[in-house]
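Observations on the model geometry
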Amino acid sequence: MVEAVSKPPLVALKEVDFAWHAKANFTISSGSLCVEEHEHVFIRGASGSGKSTLLNIIGGIVTPQKGQVDIVGQDFCQLKELERDRVRADHIGFIFQQFNLIPYLSILENVTLPCRFSKLRRENAIKRSGSVTEEAVYLLSRLYSEGQFSFHRSTSELSVGQQQRVAAARALIGQPQLIIADEPTSSLDYDAREAFMALLFDEIKLSGSTLIYVSHDPTHQHLFDRVADMSVINPQNEPDL
Ligand SMILES: Nc1ncnc2c1ncn2[C@@H]1O[C@H](COP(=O)(O)OP(=O)(O)OP(=O)(O)O)[C@@H](O)[C@H]1O
Ligand SMILES: [Mg+2]
């Protein structure tokens, strides 16, 4: 009889210790989180409880002082910076809380940027839409209901809510295996928020992507497979109130 071989989780944080600096009040100690491939996890926690810090660790933006951070089968802590950049570019779409758009590039150039850094994502985008630009236009069109909106405009001219949607399209382009979203709808009105959630779930269903999503807003919690609380992920932290 052949035994089923269980796949390792796509994201596994084990015994992670992290401090932003030596005198930091906030720390993560023995932090742990396991997310299976294709799973959609909603992370909640008070402001200051470390949600963005956790996402930065998962995304390889910062490295913990101790512990193991397995992402897509590799331990981020053991990789050199260039190797981490490669894993991130190929496999992770990140919607940051501050968006991190490049102000001197247009909307389209910002959205297509991940495909300049990753051949894998470029090929995925071309397979779907014929070209990277067409794929970007498709994603953006799902997010903007405003007529006559030129995607050639510079992102520095955009409202915060408009910028947030550019960041969302940039994270989704090329169907990365892991989507990390930090408060992705915080600046959106009702219609834009619903359009974003519809696109996000259409895209992850199509690509089978794993989703780690942080939000204060419990409205869409029911769409997720599981809710994880920061007090469980990092039990020793008492957030400042
Ligand atoms: N770049 C940084 N340098 C130093 N300390 C930081 C940095 N970013 C966050 N912190 C600190 O880490 C702690 C956790 O912050 P974090 O941004 O992860 O919380 P959060 O749960 O995402 O909060 P919010 O819901 O307000 O976004 C806070 O005490 C914060 O001051
Ligand atoms: Mg945050």
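Presented here is an overview of the structure given in this document. (Residues numbered from 1 in each chain as written. Chains lettered and ligands numbered in written order. Predicted model: local features only at pLDDT ≥ 70, side-chain atom pairs only at ≥ 80, totals over all residues. Heavy atoms only, no water.)

The protein atoms donating to the magnesium ion (ligand 2) are S52 (OG) and Q97 (OE1), with metal-donor distances spanning 2.0 to 2.3 Å. Highlighted residues: S52 in helix α1 (residues 51-58) and Q97 in the loop between β6 (92-95) and α3 (107-117), separated in sequence by 45 residues. With a relative accessible area of 22%, S52 lands in the partly exposed category. (Donors = N, O, S within 2.8 Å, 3.2 Å for Na, K, Ca; no water. Helix = DSSP H or I, 4+ residues; strand = E, 2+ residues; numbered from the N terminus. Buried < 20%, exposed > 50% of the residue type's maximum accessible area, 1.4 Å probe, protein only.)

As a further point, take the sheet that holds strand β7 (residues 178-182). Taken together, five strands build an open sheet; the order of strands is β6-β7-β8-β3-β9 and the sheet is parallel. Edge positions in the sheet fall to β6 and β9 (226-229), since each has one partner strand and no second. Strand after strand, the sheet turns through a mean of 15° between neighbouring axes, direction not considered. Across the sheet, helix α2 (residues 81-91) lies against β6 and β7, angled at about 80° from β6, the strand it touches most. (Pairing = 2+ DSSP bridges. Axes fitted to C-alpha atoms, helices over the stretch in contact; angles between N-to-C directions. Contact = heavy atoms within 4.5 Å.)

For ligand 1, the full set of nearby residues is W20, F26, A46, S47, G48, S49, G50, K51, S52, T53, Q97 and H216. Take S47: an N or O atom from its side chain is 2.6 Å from an oxygen atom of ligand 1. One of the backbone nitrogen or oxygen atoms of G50 is found 3.1 Å away from an oxygen atom of ligand 1. Protein contacts shield 63% of the accessible area of ligand 1, which totals 630 Å² for the unbound molecule. Residues of the shell around ligand 1, tallied by class, amount to three nonpolar, eight polar and one charged. (Near = heavy atom within 4 Å. Polar contact = N/O pair within 3.5 Å; in protein donor to acceptor, adjacent residues only side chain to side chain. Areas by Shrake-Rupley, 256 points an atom, 1.4 Å probe, with all protein chains shown as cover. Nonpolar A, V, L, I, M, F, W, Y, C, P; charged D, E, K, R; others polar.)

Attention now goes to the environment of A181. In this fold, A181 is placed in strand β7. Residues A181 and K66 lie 115 residues apart in sequence; the distance between their C-alpha atoms is 24 Å. If we ignore the near neighbours within four places in the chain, the residues touching A181 are L55, I95, I212, Y213 and V214.

We now examine the packing of aromatic side chains. Two numbers describe a pair of aromatic rings. These are the distance of the centres and the angle of the planes. As enumerated under the stated definition, the model contains seven aromatic pairs in all. Aromatic rings pair up to connect F42, F201, Y213 and F224 into one cluster. (Phe/Tyr/Trp six-rings, centres within 6.5 Å; stacked < 30°, edge-to-face > 60°.)

Read from one edge to the other, the open sheet built from four strands follows the order β2-β1-β4-β5, with strand pairing classed as antiparallel. Taken across any chain shown, the strands that pair with only one partner, and hence form the sheet edges, are β2 (27-35) and β5 (74-75). Docked against the sheet, α1 engages β1 (11-19), β2 and β4 (66-71), running at close to 120° with respect to β1.

Below, the discussion takes up α3. Across the eleven residues that make up α3, a large majority, eight, are buried. Of the positions making up α3, those classed as buried are I107, L108, N110, V111, T112, L113, P114 and C115. Looking at the buried residues of α3, the elements they touch are α4 (119-129), α5 (132-143) and α6 (160-172).

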